[in-house]
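Examining the three-dimensional arrangement
Here are the chains, one letter per residue:
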Amino acid sequence: MGDLLVRCASGDEAAFEQIYAATAPRVFGLVLRVVVQHALAEEITQDVFAYVWAEAGRYEPSRGSAAGWILTIAHRRAVDRVRSVSASRTRDDVWTRKVTAAPFDSTAESAHSSFEAARVRGALAALTMKQRTAVQLAYFHGLTYTEVASHLGIPHSTAKTRIRDGLRSLAHALDPGVASA
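Right, let's walk through the structure included here. All values reported here derive from a predicted model rather than from experimental measurement.

This next bit is on unusual backbone geometry. One non-glycine residue with positive phi stands out, namely V36, at about 70°. Secondary-structure assignment places V36 in the loop between helix 2 (13-35) and helix 3 (38-55).

What follows covers the packing of helix 6 (residues 129-140) against helix 7 (residues 145-152). In contact at an axis separation of 9 Å, helix 6 and helix 7 are set at 130° when each is read in the N-to-C sense. In terms of their interaxial angle, helix 6 and helix 7 are classed as oblique. In the packing of helix 6 onto helix 7, the handedness of the crossing is right-handed. Between helix 6 and helix 7, the residues in contact are T133, A134, L137 and A138 and V148, H151 and L152, respectively.

Residue placement: V27 occurs in helix 2. With 43 residues separating them along the chain, V27 and I70 place their C-alpha atoms 7.7 Å apart. If we skip the residues at most four places from it in the chain, V27 touches T45, V48, F49, I70, L71 and A74.

Secondary-structure assignment places A14 in helix 2. A relative accessible area of 40% places A14 in the partly exposed class. Taking the C-alpha atoms as reference, A14 lies 8.9 Å from L4; in sequence the two are 10 residues apart.

Scanning all chains against the criterion turns up 6 salt bridges. Between D12 and R7 there is a salt bridge; the shortest N-O distance is 2.9 Å. By relative accessible area, which is 34% here, R7 ends up partly exposed. A salt bridge links D47 to R81, with the shortest nitrogen-to-oxygen separation between them at 3.3 Å. Here the residue D47 occupies a position in helix 3, and R81 occupies one in helix 4 (residues 66-99), the gap between them amounting to 34 residues. A relative accessible area of 29% means that D47 is categorised as partly exposed.

Turning next to the nonpolar core. As a rule of thumb, nonpolar side chains are buried together in soluble globular proteins. With 26 residues, the main nonpolar core has L5, V27, V31 and V48 as its most contacted residues. Put simply, the parts of the chain that give this core at least two residues each are helix 1 (2-9), helix 2, helix 3 and helix 4. It is helix 2 that provides the largest number of residues to this core, a total of 8 residues. The contact partners of V31, leaving out residues within four places of it in the chain, are V36, A41, I44, T45, A74 and A78.

We now examine helix 3. Helix length check: helix 3 (18 residues) gives 25 Å between terminal C-alpha atoms against 26 Å at 1.5 Å per residue, within 8%. Listed as buried for helix 3 are L40, A41, I44, T45, V48, F49 and V52. The inward-facing, buried residues of helix 3 abut helix 1, helix 2 and helix 4.

Let's shift gears to helix 6. Between its first and last C-alpha atoms helix 6 spans 15 Å; for 12 residues at 1.5 Å apiece the expected length is 16 Å, and the two agree. Of the positions making up helix 6, those classed as buried are Q131, R132, A134, V135, L137 and A138.

Let us look at the packing of helix 1 against helix 2. Put simply, helix 1 and helix 2 touch, their axes get as near as 7 Å, and they point 135° apart. Considered as vectors, helix 1 and helix 2 are oriented oblique to each other. Handedness of the crossing formed by helix 1 with helix 2: left-handed. Each of L4, L5, R7 and C8 in helix 1 lies in contact with helix 2, whose residues at this interface are A15, F16, Q18 and I19. Across the contact of helix 1 with helix 2, the residue classes tally to 6 nonpolar, 1 polar and 1 charged.

Here is what the cut-offs are and how they apply
- Residues numbered from 1 in each chain as written.
- Predicted model: local features only at pLDDT ≥ 70, side-chain atom pairs only at ≥ 80, totals over all residues.
- Heavy atoms only, no water.
- Helix = DSSP H or I, 4+ residues; strand = E, 2+ residues; numbered from the N terminus.
- Axes fitted to C-alpha atoms, helices over the stretch in contact; angles between N-to-C directions.
- Parallel < 35°, antiparallel > 145°, perpendicular 65-115°, else oblique.
- Left-handed = near helix turned anticlockwise from the far one by under 90°.
- Contact = heavy atoms within 4.5 Å.
- Buried < 20%, exposed > 50% of the residue type's maximum accessible area, 1.4 Å probe, protein only.
- Salt bridge = Lys/Arg side-chain N within 4 Å of Asp/Glu carboxyl O.
- Core = buried A, V, L, I, M, F, W, Y, C linked by side-chain atoms within 4.5 Å.
- Expected span 1.5 Å × (residues − 1).
- Nonpolar A, V, L, I, M, F, W, Y, C, P; charged D, E, K, R; others polar.

Distances and angles like these do not, on their own, reveal function.
Given below as structure tokens:
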């Protein structure tokens, strides 16, 4: 069959027909075992023989039989296709998970946010005026403790203490299980 590949490399269609007749069932069977799907196996088998026709000149008799060369091409193409299909499915699955947001009830979410906001407002109201002012300046106005101290005209350590004590009181009011340290 090696001589048929040599003739095929020079464009001999009759030699290609003989190669096809002799190896097509084995190529198709090998590919079908790898890819399992009949239509995909047919497609890959066609690709293999198109490659054999176009690249018959690459066959090197010293490296093995002509049938072995063709079957190696078939196996590699089949494995490549299985890997490609698998990678494509994985990409599709990842994309689907990313773009498919879990459905949620916006009304329930809004009600929960309102409830939480009311709890925070209530906890803030329970602070002393000095603590509430320090916490509001730090967390709602984004001031550092140094800026809070400067704004209120108090020592840095006093600003830090008011913010710290206010946050502890808030944490305890919002989650009574939080231990006071």
